[in-house]
Amino acid sequence: LTRAEERAQGTALDRRILTSRAALHESAGHIEAALSTLNRLVKLVDEAGERAATLEKMGDLARSLGQHQPALIHYQGSFRADRGRTTATKKAVAVYFELGREEQAKQILDVLQTQIGDGDAAAERELAEQYLKAAEALLVKPQAHGVVKDALDRAARLAPDVARTKTLRAELEAFPTAWKDH
């Protein structure tokens, strides 16, 4: 592959060689080398969809190494390259949940809601569940109650039949907002 790469410099063949090299590194368990190869590849890719797919793959590899911040950067780059690519956005939400950063996850869920649009009932229900997950985690943080309320409102609009929305809303309203006098 190295000799072919030297001869192909900058052509479409070079991109295919880099793609093959990255796949070879990944299959051999050399994730860092695969990331490095994909980093070279992304500089050669002009087409938005292919660039987004490459950046998303880089995010997946970084995430598999436990490098959450680089993974988020790659997922964001994938979103910038192709704003309709929901898979990278969903993965970014998952990373934020893994890191316990539910407020950021909720912000990305808002972006995902605009990406999904209206009409896909299964996607809307899944999104509602994600909003409820964020609301549930943020419920114990009084400074985030505005975010919780917005997440519950969005979940109720997306899936009005989910009973957990009403339960969480009742817990939010019952949450003490003033110090007790002792």
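Residues numbered from 1 in each chain as written. Predicted model: local features only at pLDDT ≥ 70, side-chain atom pairs only at ≥ 80, totals over all residues. Heavy atoms only, no water.

Please clarify how the overall build of the protein should be interpreted in this entry.
Of the regular secondary structure elements, the protein holds 10 helices and zero strands. Along its sequence from the N terminus, the protein presents helices and strands in the succession α-α-α-α-α-α-α-α-α-α. Across the protein, the fraction of contacts at a sequence separation of at least 24, relative to all contacts at a separation of at least 6, is 50%. On the protein, roughly 10,400 Å² of surface is accessible, and the fraction owed to carbon and sulfur atoms is 52%. (Helix = DSSP H or I, 4+ residues; strand = E, 2+ residues; numbered from the N terminus. Contact = heavy atoms within 4.5 Å. Areas by Shrake-Rupley, 256 points an atom, 1.4 Å probe, with all protein chains shown as cover.)

What is the right way to look at the pattern of salt bridges in this model?
Oppositely charged side chains are able to pair whenever their charged atoms sit close together. Applying the stated criterion to the full structure yields 14 salt bridges. Linking Arg125 and Asp161 is a salt bridge whose minimum nitrogen-to-oxygen distance equals 3.1 Å. With a gap of 36 residues between them, Arg125 in helix H8 (residues 121-138) and Asp161 in the loop between helix H9 (145-158) and helix H10 (163-174) connect regions that are remote in the sequence. Owing to a relative accessible area of 37%, Arg125 belongs among the partly exposed residues under this scheme. Since its relative accessible area comes to 60%, Asp161 is described here as exposed. One connected set of salt bridges, linked through shared partners, spans Glu56, Asp60, Arg85 and Lys91. (Salt bridge = Lys/Arg side-chain N within 4 Å of Asp/Glu carboxyl O. Buried < 20%, exposed > 50% of the residue type's maximum accessible area, 1.4 Å probe, protein only.)

I keep staring at the packing of H9 against H10 and nothing clicks. Help me out?
Each pair of packed helices can be described by the angle between their axes along with the distance between the axes. Orientation of H9 relative to H10, taken along the N-to-C sense of each, is 155°, at an axis distance of 10 Å. The angle between the axes of H9 and H10 places the two elements in the roughly antiparallel class. Remark: the crossing between H9 and H10 carries left-handed chirality. Here His145, Val148, Lys149, Leu152, Asp153, Ala155 and Ala156 of H9 lie close against H10, whose contacting residues are Thr165, Leu168, Arg169 and Leu172. (Axes fitted to C-alpha atoms, helices over the stretch in contact; angles between N-to-C directions. Parallel < 35°, antiparallel > 145°, perpendicular 65-115°, else oblique. Left-handed = near helix turned anticlockwise from the far one by under 90°.)

Explanation requested: H8 in the structure shown.
An α-helical turn contains 3.6 residues, so any two residues separated by three or four positions project in the same direction. Helix length check: H8, at 18 residues, gives a terminal C-alpha distance of 26 Å against a target of 26 Å (1.5 Å per residue), a fit within 8%. Its buried side turned inward, H8 meets helix H6 (86-98), helix H7 (102-116), H9 and H10. (Expected span 1.5 Å × (residues − 1).)

Please clarify how the packing of aromatic side chains should be interpreted in this entry.
Where two aromatic rings form a pair, the distance of their centres and the angle of their planes describe that pair. The tally for this structure, following the rule as stated, stands at zero aromatic pairs. Geometry around Phe97 places Lys133 over its ring, the cationic atom sitting 4.5 Å from the centre. (Phe/Tyr/Trp six-rings, centres within 6.5 Å; stacked < 30°, edge-to-face > 60°. Lys NZ or Arg CZ within 6 Å of the ring centre and 35° of its normal.)

Can you help me understand the nonpolar core in this one?
In summary, soluble globular proteins display a tendency toward joint burial of nonpolar side chains. Among the nonpolar cores identified, the biggest contains 43 residues, and Leu109, Tyr131, Val148 and Leu152 are the most heavily contacted of them. With seven residues, the top contributor of residues to this core is H8. Contact partners of Leu109, with chain neighbours within four places excluded, come to Val93, Phe97, Leu127, Gln130 and Tyr131. (Core = buried A, V, L, I, M, F, W, Y, C linked by side-chain atoms within 4.5 Å.)

Just checking my understanding: could you explain the side chain of Lys106 for this structure?
Summarising the element assignment, Lys106 is placed in helix H7. Beyond its immediate sequence surroundings of up to four residues, Lys106 is in contact with Tyr131, Ala134, Val147, Asp150, Ala151 and Arg154.

When you look at the environment of Leu35 in this model, what are you seeing that I'm missing?
Residue placement: Leu35 occurs in helix H3 (residues 31-44). Not counting residues up to four positions away in its chain, the partners in contact with Leu35 are Met58, Leu61, Ala62, Leu65, Gln67 and His74.

Sorry, what's going on with helix H4 (residues 48-64) here?
If you check H4, its first and last C-alpha atoms are 24 Å apart, about what 17 residues at 1.5 Å a residue would give, namely 24 Å. Within the span of H4, buried status applies to Ala52, Thr54, Leu55, Glu56, Met58, Gly59, Leu61 and Ala62. Capping of H4 at its N-terminal end is provided by Glu47; its side-chain oxygen lies 2.9 Å from the backbone amide nitrogen of Gly49. (Polar contact = N/O pair within 3.5 Å; in protein donor to acceptor, adjacent residues only side chain to side chain.)

Mind showing me how you'd approach the packing of H8 against H10 here?
Interaxial distance between H8 and H10 falls to 11 Å at its minimum, and their mutual angle equals 20°. Relative to H10, the element H8 is oriented roughly parallel. Crossing geometry of H8 relative to H10 is assigned as left-handed. Packed against H8, whose contacting residues are Glu129, Leu132, Lys133, Ala135 and Glu136, the element H10 presents Arg164, Thr165 and Leu168 at the interface. For the contact of H8 with H10, a count of residues per class yields three nonpolar, one polar and four charged. (Nonpolar A, V, L, I, M, F, W, Y, C, P; charged D, E, K, R; others polar.)

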